[in-house]
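Spelled out from the first residue to the last, the chains are:
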Amino acid sequence: MKIIACYSNKGGVGKTATSVNLAHALATSGRRTLLCDLDPQGASSFYFRVKPSRKLSEARFFDGDDKLTEAIRASDYEDLDILPANMAFRNFDVFLSQMKQPQSRLKKALAAVRADYDVILLDCPPSISLLSEAVFRAAEVIVVPVIPTTLSQRTYQQLLAFFAENDLAADKLHGLFSMVQGSKKLHSETMQALREEHPGRFLATQIAFASDVERMGLARAPVGATLPNSAAARAYRALCAEVVAL
């Protein structure tokens, strides 16, 4: 089983859209996939029309194997299940702070479903916290969506600094240029600068800013399901292939 996290310490960068479409692409490629929605807002769960699991509190998530397994829901797509979020997830950091070795708790919790899936994909809230550190240690691959702007460039550099300061494996981090507008000179210049500054850290696939992705909220479905031949769907399939090969 491979654990992949879609994470950013900045909101509004296309993280959930990436998680939803990558999960769908993984499943349609024949991999048994579990999408874990760790964000209490539950956006990934919403896109897949899955209601929050009200019984899965932070304590039951980390301590009760049966409760975590019981909270998993099937999606409308073959080989793709969802572990939906609920508002209790906002207390993850408080709960983890009271536990021994909090950074290892997420990996231990996910071990309960290890045998059932080829890939577990984590959609993470946009913060650097105890939960984030647990994600950093549990995941083998961390996809970091970055809008090619100055502020996103700064937050990506902050993330790299955090990994260095806390002796975390920075080779897990793989930047993904997201919501790219090719007509903007700033976007082109920022992407070039980041690739030169951090050689090998950014994936070749780029996700363009597209109205098809924005409309996902109306369709409540991955773009690969509703518009499989669109440029956005092809980009997410390319991302899937690239991530699987890491």
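To keep things clear, this report deals only with the structure shown in the data block.

Parameters and conventions
- Residues numbered from 1 in each chain as written.
- Predicted model: local features only at pLDDT ≥ 70, side-chain atom pairs only at ≥ 80, totals over all residues.
- Heavy atoms only, no water.
- Phe/Tyr/Trp six-rings, centres within 6.5 Å; stacked < 30°, edge-to-face > 60°.
- Helix = DSSP H or I, 4+ residues; strand = E, 2+ residues; numbered from the N terminus.
- Buried < 20%, exposed > 50% of the residue type's maximum accessible area, 1.4 Å probe, protein only.
- Axes fitted to C-alpha atoms, helices over the stretch in contact; angles between N-to-C directions.
- Parallel < 35°, antiparallel > 145°, perpendicular 65-115°, else oblique.
- Contact = heavy atoms within 4.5 Å.

### Regarding the packing of aromatic side chains
Okay, so step 1: Across all of its chains, the model carries seven aromatic pairs by this definition.
Okay, so step 2: Ring plane angle 90 degrees and centroid distance 5.0 Å describe the contact between Tyr-7 and Phe-136, whose orientation is recorded as edge-to-face. With Tyr-7 in the loop between strand E1 (2–6) and helix H1 (15–28) and Phe-136 in helix H7 (residues 130–138), the pair connects residues that are 129 residues apart, well separated along the chain. Summarising the burial analysis for this pair, Tyr-7 and Phe-136 share the class buried.

### Topic: the packing of H1 against helix H13 (residues 231–244)
Okay, so step 1: Their axes nearest at 9 Å, the elements H1 and H13 cross at an angle of 75 degrees. Taken together, the axis directions place H1 and H13 in an arrangement best described as roughly perpendicular. Between H1 and H13, the contacting residues are Ala-17, Thr-18, Asn-21, Leu-22, Ala-25 and Leu-26 on the first element and Tyr-236, Arg-237, Leu-239, Cys-240 and Val-244 on the second.

### Focus on the environment of Gly-12
Okay, so step 1: Within the secondary structure layout, Gly-12 lies in the loop between E1 and H1.
Okay, so step 2: A relative accessible area of 60% means that Gly-12 is categorised as exposed.
Okay, so step 3: Between the C-alpha atom of Gly-12 and that of Ala-23, which follows or precedes it by eleven residues, the distance is 19 Å.
Okay, so step 4: Discounting chain neighbours no more than four positions away, the residues touching Gly-12 are Ile-147 and Met-179.

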